[in-house]
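Tertiary structure, described
So the chains spell out like this:
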Amino acid sequence: MAFEIAHSQLRFKALSPARRLLALLAGVAFLVGFAWACVTAYQAQPLEPAPPAKPLITPGAGSRGA
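Residues numbered from 1 in each chain as written. Predicted model: local features only at pLDDT ≥ 70, side-chain atom pairs only at ≥ 80, totals over all residues. Heavy atoms only, no water.

Take the overall build of the protein chain next. Along the backbone of the protein chain there are two helices and zero strands. Counting across all 66 residues of the protein chain, residues that qualify as buried make up 0%. Here the protein chain displays about 7000 Å² of accessible surface, and carbon together with sulfur accounts for 68% of that area. (Helix = DSSP H or I, 4+ residues; strand = E, 2+ residues; numbered from the N terminus. Buried < 20%, exposed > 50% of the residue type's maximum accessible area, 1.4 Å probe, protein only. Areas by Shrake-Rupley, 256 points an atom, 1.4 Å probe, with all protein chains shown as cover.)

Below, the structure is given as structure tokens:
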């Protein structure tokens, strides 16, 4: 029974025009929200800046290395 409920086909032509419009608007809203979430996740920035990197110390490269 759960399979029949989950996989029932929506008879779009049998819906009233108002319900068709509502279903269409719900679908468009879902797609717009999904696109917005994808763009937002792609452009995400960390909340705090990364700590400054320590300078690399190379042996023999100091002022006394000559």
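In the structure shown here, the tally under the stated rule is one aromatic pair. Pairing Phe 30 with Phe 34 gives two aromatic rings, centres 6.3 Å apart and planes at 15°, and the pair type is stacked. Highlighted residues: Phe 30 and Phe 34, both in helix α2 (residues 17–42), separated by four residues, approximately one helical turn. An identical accessibility class is assigned to Phe 30 and Phe 34; each is exposed. (Phe/Tyr/Trp six-rings, centres within 6.5 Å; stacked < 30°, edge-to-face > 60°.)

On the surface, Leu 21, Leu 24, Leu 25, Val 28 and Val 32 cluster together to form a nonpolar patch covering roughly 470 Å² of accessible area. With respect to the element layout, Leu 21 can be found in helix α2. (Patch = residues over 30% accessible without salt bridge, like charges linked within 9 Å, V, L, I, M, F, W, Y side chains within 5 Å. Salt bridge = Lys/Arg side-chain N within 4 Å of Asp/Glu carboxyl O.)

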